[in-house]
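Given next are the chains, with one letter for each unit.
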Amino acid sequence: MADLSNSNTLPVPRLRQLFASFFKIGAFTFGGGWAMISIIEREIVTKYNWVRREDFLDLLAVAQSLPGILAVNIAVAVGDSLRGRRGSVAAALGTILPSFLIILCIALFLTPDLINGNPVLAAVFKGIRPAVVALIVAPVISAAKAAKLNWKTAAIPVVVALQIWSGWPVVSNPVLWIMLGAVGGIIAFKYGMKQHKAGEGRDK
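Attention in this report is confined to the structure presented alongside it.

**Some thoughts on the overall build of the chain**
No. 1: Each helix and strand counted, the chain has 8 helices and 0 strands in total.
No. 2: The secondary structure elements of the chain, listed N-terminal to C-terminal, are α-α-α-α-α-α-α-α.
No. 3: When burial is assessed residue by residue, the chain has 27% of its 204 residues classed as buried.
No. 4: Sequence separation of at least 24 residues holds for 58% of the intrachain contacts in the chain that already meet a minimum separation of 6.
No. 5: Looking at the chain as shown, the accessible area adds up to about 13,600 Å², and 69% of this sits on carbon and sulfur atoms.

**Here we look at helix H7 (residues 155-166)**
No. 1: The end-to-end C-alpha separation of H7 is 16 Å, in line with the 16 Å expected for 12 residues at 1.5 Å each.
No. 2: Looking at the residues trailing H7, positive phi occurs at Gly167, about 80°.

**With respect to a nonpolar patch on the surface**
No. 1: A cluster of nonpolar residues, Ile96, Phe100, Leu101, Leu104, Leu108 and Phe109, forms a patch on the protein surface that exposes about 620 Å² of accessible area.
No. 2: Residue placement: Leu108 occurs in helix H4 (residues 70-109).
No. 3: Its relative accessible area of 59% is what places Leu108 among the exposed residues.

**Looking at the packing of helix H1 (residues 15-27) against H4**
No. 1: Two numbers describe how H1 lies on H4: the axes approach to 7 Å, and their chain directions differ by 40°. As the angle between them shows, H1 and H4 are arranged oblique. Our pair here, H1 against H4, has a crossing hand that is right-handed.
No. 2: Of the residues contributing to the contact of H1 with H4, the split by class is 14 nonpolar, 6 polar and 2 charged.

**Notes on the pattern of salt bridges**
No. 1: As enumerated under the stated definition, the model contains 2 salt bridges in all.
No. 2: Where Arg53 meets Glu41, a salt bridge forms, and the shortest distance between an N and an O atom there is 2.8 Å. Of this pair, Arg53 sits in helix H3 (residues 53-65) while Glu41 sits in helix H2 (residues 34-47), placing them 12 residues apart in sequence.
No. 3: According to the relative accessible area criterion, Arg53 is partly exposed, its value standing at 34%.

**What to know about the side chain of Ser88**
No. 1: Looking at the element boundaries, Ser88 is found in helix H4.
No. 2: A polar contact is formed between the side chain of Ser88 and the backbone oxygen of Arg85, at a distance of 2.6 Å.
No. 3: Those residues in contact with Ser88, other than ones at most four positions away along the chain, are Val76, Gly79 and Asp80.

Quick notes on the rules
Residues numbered from 1 in each chain as written. Predicted model: local features only at pLDDT ≥ 70, side-chain atom pairs only at ≥ 80, totals over all residues. Heavy atoms only, no water. Helix = DSSP H or I, 4+ residues; strand = E, 2+ residues; numbered from the N terminus. Buried < 20%, exposed > 50% of the residue type's maximum accessible area, 1.4 Å probe, protein only. Contact = heavy atoms within 4.5 Å. Areas by Shrake-Rupley, 256 points an atom, 1.4 Å probe, with all protein chains shown as cover. Expected span 1.5 Å × (residues − 1). Patch = residues over 30% accessible without salt bridge, like charges linked within 9 Å, V, L, I, M, F, W, Y side chains within 5 Å. Salt bridge = Lys/Arg side-chain N within 4 Å of Asp/Glu carboxyl O. Axes fitted to C-alpha atoms, helices over the stretch in contact; angles between N-to-C directions. Parallel < 35°, antiparallel > 145°, perpendicular 65-115°, else oblique. Left-handed = near helix turned anticlockwise from the far one by under 90°. Nonpolar A, V, L, I, M, F, W, Y, C, P; charged D, E, K, R; others polar. Polar contact = N/O pair within 3.5 Å; in protein donor to acceptor, adjacent residues only side chain to side chain.

Printed below as a string of structure tokens:
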């Protein structure tokens, strides 16, 4: 994975800073996964400027393409890009520990009778649901802006989303579209390099 910490313009966080940031993200994020992405972006891109927005989008694409939990994948990807293996461990632990501790407390002190049918908890979760939807939509819009989507290229994610949503055999498999996207990226890169070399040849 690319090391983004070598940039002369970006600060490199200490391990405890990395752990503390992801611990805070893990502790105050409801919904997990995509609901966590906008908070991670605000923390590491906007607030601390550890990673450029374009680089964060690349890390997000890698994390989304890998198997496993998205929140942990993106934490590992960001931590590794900033501080290597130790950074990935610190970021992953920071993300996982809050949920583990909260679930442990619930298992120890709350019984099903206190949770099921509790009007206070029901009201709390009812209020949280719209916020979770907003947290999921926000990173999608941010990623679209960072990817510089326009009316021509916007058709690609729309078509892919519809194919996955359709439930049809084969075409609804996200892995297929990830592989096709990777192949398309390689082809576009090679074509761009070929055009660049051709332009340099004409200049000579």
